[in-house]
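This is what each chain is made of:
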There are 2 protein chains.
Amino acid sequence: MTKIVIDAMGGDFAPQQQVQGAIDALNADKNLYLILVGDEAQITRELSGKKYDESRLEIVHTTEVISMEEIPTKAVKTKKDSSLVVAFRLLKEGKADGLVSSGSTGAVLTAGVLILGRLKGVSRPALCPIIPNHRGENTFLCDCGANVECKPVNLLHFAVMASAYAEAVYGVKNPKVGLLNNGTEEHKGLALQQETNALLANTPCVNYVGNVEGRDLMFGDIDVMVADGFTGNIAMKSVEGCGKLVSTVLKKEYKRNLWTKICALLSGSVIKNFKNALDYEGKGGAMFLGLSKAVVKGHGNSKAYAFSVCIKQAAEAVRGDMVGKMKTMIDETNDEIAKTSANTENGEE
Amino acid sequence: MTKIVIDAMGGDFAPQQQVQGAIDALNADKNLYLILVGDEAQITRELSGKKYDESRLEIVHTTEVISMEEIPTKAVKTKKDSSLVVAFRLLKEGKADGLVSSGSTGAVLTAGVLILGRLKGVSRPALCPIIPNHRGENTFLCDCGANVECKPVNLLHFAVMASAYAEAVYGVKNPKVGLLNNGTEEHKGLALQQETNALLANTPCVNYVGNVEGRDLMFGDIDVMVADGFTGNIAMKSVEGCGKLVSTVLKKEYKRNLWTKICALLSGSVIKNFKNALDYEGKGGAMFLGLSKAVVKGHGNSKAYAFSVCIKQAAEAVRGDMVGKMKTMIDETNDEIAKTSANTENGEE
């Protein structure tokens, strides 16, 4: 049985959509056990009348909620009985193997590091969302905002962690890694990109293909895109805006008049496949990589479907031993770094 | 008569598409005079049999071409008889009021600064492409790649220059300016964004609305998005990749079978309007702001239509006195900066 703990109170439509998502995930997967953390009365109300296997669902009552507006570090430290803090505590204590929250990103990041703790050897945990690409596959973008200021070694770890994630959970063999830059030539970028490019090229355990550009996020030939959190955030939100524009314009155009409405009906399969190809929600949440267990951060505006995908994602990460594989790769990487710097110090290079 | 000088040899499809674009622009505008710079034999061949007013077109023969692969500074300094260098020299000498090239970006940037020269008071010239947005209007993104490393004062100048451009050429009244950042809160970003945010907020001649995010490039409520060249490049190319994915998937889906092909025919107007709403080419090239005259850099893969739009854009910049208005605004800004720093030194602030 895979046990996932759910922050039932985090998100714009919590707990209603979170509870519904949990039920959907539970009904789709007989080997899933869920712990819903939050206000018991509200959760019970959302559960009432719904069909699900009660023996695989448990509620842990909490009295507080961390809102999107609160200062993350302060909220995590003071709201000891918030759904998020209690969920992370249960995870830490081994009551569950993975966690899902669609609450405040800052609070999830803070609680992840302060309560659960980092995976040994990882310098900086990072957020890794999945972006659909033109091959009908996934681009794993890491980091998308957890670490605004980074050093080259942080980005190397992002590359390793996202590769382990892609391999363990999605079966991507030897994922191709690109560094997000303003051009493909070696000299491109600021000092951070130039140094990271050299470091990635000299780390055998990463399948590094070189610098890539913003367009390669959705239209490239890579599996993993590595970036500092600032740059990754710009890329992710830029394509998000483009996607929103596309869906807004398409909706507007198909609703223009009776004829276009008929066309929309006739083109149903085209529109459906088109939507699927760009489907953000269906890709799940951002995996918070570099912690000692699997943590998925769902979008704040997640509805039941998106949230159920996040739960599935967390369960698959547990089953694929994502963290174990990541640990092996991180150790290998750190050994390589230590060897290189020892060689450099001894004047062998 | 508005005189524009054309680098006829720059671009993936030069001189064929450049010459055709020039003819189209000439035929659409009776007050336009064009100087085509490049290999006379090739240009004449492209012109032959075409209908246009010969009295408004002139050819200046050159023997060299700067390719996309060459090192810009070296190429501009050594290839004295290249179409790009000669075009810039004619512009500098007053033979034309504006210039259009779809050649190597680096070479255009170098020639712009070295041959034509900066507008007095501008710290760093910058590239400003136009991105379509969800309001059916334009977002002016400045800088998109001319300056990888920037100081806050450079970004302030980008804001002023792009505002002057939007107002002079597109009639945008008091353009709303946002700073591209990884969140809207004041403390967001690296030191550069934090300091620039404070500087923009304290410069009355810029209509600054605050930090904005990547999604606001296409889905926001701003006219001008300011960024350092690295970050702006990431945003621009990210939405470019998304746009490419969208058009690829839509094409593929509509071509899937006979039924979807019929749907495509029936949905003609929807698809057309949809394409128009995302039309990159129709927006023209990137204006190279901060030089003493109007310079438009077209996309390297420009076909005749896109190139003719670039020519129109350059002509409109001349007619709208873009550079004059920019000069007034830059002087005003620099006065404000000088006043503020004098006050600060005198302990008044």
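Now for a look at the structure at hand. (Residues numbered from 1 in each chain as written. Chains lettered and ligands numbered in written order. Predicted model: local features only at pLDDT ≥ 70, side-chain atom pairs only at ≥ 80, totals over all residues. Heavy atoms only, no water.)

1. Observations concerning the overall build of chain A
The secondary structure content of chain A amounts to 13 helices and 12 strands. The C-alpha radius of gyration of chain A comes to 21 Å, within 12% of the 20 Å expected for a compact globule of 349 residues. Overall, chain A is about 70 × 60 × 35 Å in size when its C-alpha atoms are taken along their principal axes. Within the span of chain A, comprising 349 residues, buried residues form 56% of the whole. Contacts in chain A between residues at least 24 apart in sequence constitute 73% of all its contacts with a sequence separation of at least 6. Put simply, chain A shows about 14,300 Å² of open surface, and 51% of that area lies on carbon and sulfur atoms. (Helix = DSSP H or I, 4+ residues; strand = E, 2+ residues; numbered from the N terminus. Rg over C-alpha atoms; globule rule 2.2 N^0.38 Å. Buried < 20%, exposed > 50% of the residue type's maximum accessible area, 1.4 Å probe, protein only. Contact = heavy atoms within 4.5 Å. Areas by Shrake-Rupley, 256 points an atom, 1.4 Å probe, with all protein chains shown as cover.)

2. Things to note about the packing of helix H4 (residues 83-92) of chain A against helix H5 (residues 105-116) of chain A
All names here are of chain A. For the pair H4 and H5, the least separation of the axes is 10 Å and the interaxial angle reads 35 degrees. As H4 packs across H5, the resulting crossing turns out to be right-handed. Contacts from Leu84, Val85, Phe88, Arg89, Leu91 and Lys92 in H4 reach Ala107, Val108, Ala111, Gly112, Ile115 and Leu116 in H5. Within the contact of H4 with H5, the residues separate by chemical class into 9 nonpolar, 1 polar and 2 charged. (Axes fitted to C-alpha atoms, helices over the stretch in contact; angles between N-to-C directions. Left-handed = near helix turned anticlockwise from the far one by under 90°. Nonpolar A, V, L, I, M, F, W, Y, C, P; charged D, E, K, R; others polar.)

3. A few points about the interface of chain A and chain B
Listed by partner, the interface residues are 48 residues for chain A and 48 residues for chain B. Buried surface at the junction of chain A and chain B, summed over both partners, amounts to about 4,400 Å²; 74% is from carbon and sulfur atoms. For chain A, the biggest contributors to the area lost against chain B are A:Arg215, A:Phe230 and A:Leu245; these three give 15% of the whole. Between B:Lys237 and A:Glu213 there is a salt bridge, with the nearest N and O atoms lying 2.3 Å from each other. Across the chain A-chain B interface, the total number found is 8 residue pairs in polar contact (both at pLDDT 80 or more). Looking at the side of chain A that touches chain B, the element that brings in the most residues is helix H9 (residues 229-254) of chain A, giving 20 residues. (Buried area = accessible area lost by both parts, 1.4 Å probe. Salt bridge = Lys/Arg side-chain N within 4 Å of Asp/Glu carboxyl O. Polar contact = N/O pair within 3.5 Å; in protein donor to acceptor, adjacent residues only side chain to side chain.)

4. Examining helix H1 (residues 16-28) of chain B
Over its 13 residues, H1(B) runs 19 Å from end to end, which matches the ideal 18 Å to within 8%, given 1.5 Å per residue. Restricting attention to buried positions, one finds in H1(B) the residues B:Gln17, B:Gln18, B:Val19, B:Gly21, B:Ala22, B:Ile23, B:Ala25 and B:Leu26. (Expected span 1.5 Å × (residues − 1).)

5. Overview of helix H2 (residues 40-47) of chain B
Residues and elements named next belong to chain B. Inspection of H2 places Ile43, Glu46 and Leu47 among the buried residues, and these make up the whole buried set. Down the axis, H2 shows its buried residues gathered within 100 degrees of arc, on one side only. The outward face of H2, more than 90 degrees from its buried face, is lined by the exposed residues Ala41 and Arg45. Buried-residue contacts for H2 involve H1, strand S2 (32-38) and strand S3 (57-61). Remark: Gly49 follows H2 within two positions and exhibits a positive phi of approximately 85 degrees. (Arc of directions from axis to C-beta.)

6. Some details on the packing of aromatic side chains
Residues and elements named next belong to chain B. All told, the structure shown has 6 aromatic pairs over all chains when counted by the stated rule. With 5.3 Å between their ring centres and 80 degrees between their planes, Phe140 and Tyr165 make a pair best called edge-to-face. Here Tyr165 lies in helix H6 (residues 152-170) and Phe140 lies in strand S7 (residues 138-142), a separation of 25 residues in the sequence. For the pair Phe140 and Tyr165, a shared accessibility class is recorded, and that class is buried. The class for Tyr165 is buried, based on a relative accessible area of 0%. (Phe/Tyr/Trp six-rings, centres within 6.5 Å; stacked < 30°, edge-to-face > 60°.)

7. Some words on the relation of the copies chain A and chain B
Rotating chain A by 180 degrees and moving it 0.0 Å along the rotation axis overlays it on chain B with an RMSD of 0.0 Å. Both copies are brought into coincidence by an operation consistent with a two-fold rotation axis. Taken as a fraction of all interface residues of chain A, those also at the interface in chain B reach 100%, which identifies the copy contact as same-surface. (Least-squares fit on C-alpha atoms with pLDDT ≥ 70 in both.)

8. Section: a nonpolar patch on the surface
Residue and element names in this part refer to chain A. Residues Leu258, Trp259 and Ile262 make up a contiguous nonpolar surface patch of about 320 Å² in total accessible area. Structurally, the position occupied by Trp259 is in helix H10 (residues 258-266). Taking the relative accessible area as the measure of exposure, Trp259 reaches 43% and is therefore partly exposed. (Patch = residues over 30% accessible without salt bridge, like charges linked within 9 Å, V, L, I, M, F, W, Y side chains within 5 Å.)

9. Concerning the state of the cysteines
Throughout the structure, instances matching the rule amount to 0 disulfides over all chains. A:Cys144 takes part in no disulfide bond, and the closest cysteine sulfur, belonging to A:Cys128, lies 8.0 Å away. A disulfide-free cysteine, B:Cys128 has its sulfur positioned 4.6 Å from the sulfur of B:Cys142, the nearest such atom. (Disulfide = S-S within 2.5 Å.)

10. As for the pairing of strand S11 (residues 286-289) of chain A
Residues and elements named next belong to chain A. Burial along S11 is two-sided: Ala286 and Phe288 and Met287 and Leu289, pointing in opposite directions, are all buried. The pairing of S11 with strand S12 (residues 294-297) spans 2 bridges and is antiparallel. Bridge pairing in S12 links Ala286 to Lys297. Linkage of S11 to S12, two consecutive antiparallel strands, is achieved through a turn of 4 residues, within which Gly290 is found at a positive phi near 105 degrees. (Pairing = 2+ DSSP bridges.)

11. Some points on the environment of B:Gly178
Residues and elements named next belong to chain B. Here Gly178 lies in strand S8 (residues 177-180). The class for Gly178 is buried, based on a relative accessible area of 0%. Separated by 22 residues in sequence, Gly178 and Leu200 have C-alpha atoms that sit 9.2 Å apart.

12. Description of the pattern of salt bridges
The tally for this structure, following the rule as stated, stands at 24 salt bridges over all chains. Among the charged side chains, a network of salt bridges with common partners joins A:Glu213, A:Arg215, B:Lys237 and B:Glu240.

13. Observations concerning the nonpolar core
Formed by 106 residues in total, the largest nonpolar core has its most connected members in A:Val5, A:Phe88, A:Val295, B:Val5, B:Phe88 and B:Val295. Setting aside residues no more than four positions away along its own chain, A:Val5 makes contact with A:Ile35, A:Val37, A:Ala87, A:Leu90, A:Leu91, A:Ala96, A:Gly98, A:Leu99 and A:Val100. (Core = buried A, V, L, I, M, F, W, Y, C linked by side-chain atoms within 4.5 Å.)

14. So, the side chain of A:Arg56
Residues and elements named next belong to chain A. Within the secondary structure, Arg56 is located in the loop between helix H2 (40-47) and strand S3 (57-61). Engagement of the side chain of Arg56 in a polar contact is seen with the backbone oxygen of Leu26, the distance being 3.3 Å. Dropping the residues within four chain positions of it, Arg56 is found in contact with Met1, Leu26, Asp29, Lys30, Asn31, Leu32, Tyr33 and Leu34.

15. Quick notes on the sheet that holds S8(B)
Residues and elements named next belong to chain B. The 5 strands lie next to each other as S6-S7-S10-S8-S9, forming an open sheet whose pairing is mixed. Looking along the sheet, the strands with just one partner apiece sit at the ends: strand S6 (130-132) and strand S9 (208-212). In this sheet, adjacent strand axes meet at a mean angle of 30 degrees when their direction is disregarded. Note: S8 against S9, 4 bridges, orientation parallel.

16. Points about the pairing of S2(B)
All names here are of chain B. A large share of S2 lies buried, amounting to 7 of its 7 residues. Residues Leu32, Leu34, Leu36 and Gly38 of S2 are buried on one face, and the alternating residues Tyr33, Ile35 and Val37, pointing to the opposite face, are buried as well. The sheet contact formed by strand S1 (residues 2-7) and S2 spans 6 bridges and is parallel. Each residue of the ladder has a partner; that of Lys3, found in S2, is Tyr33. Regarding the hand of the β-α-β motif, the stretch spanning S1, H1 and S2 is right-handed. (Right-handed = clockwise from strand over helix to strand, strands pointing away.)

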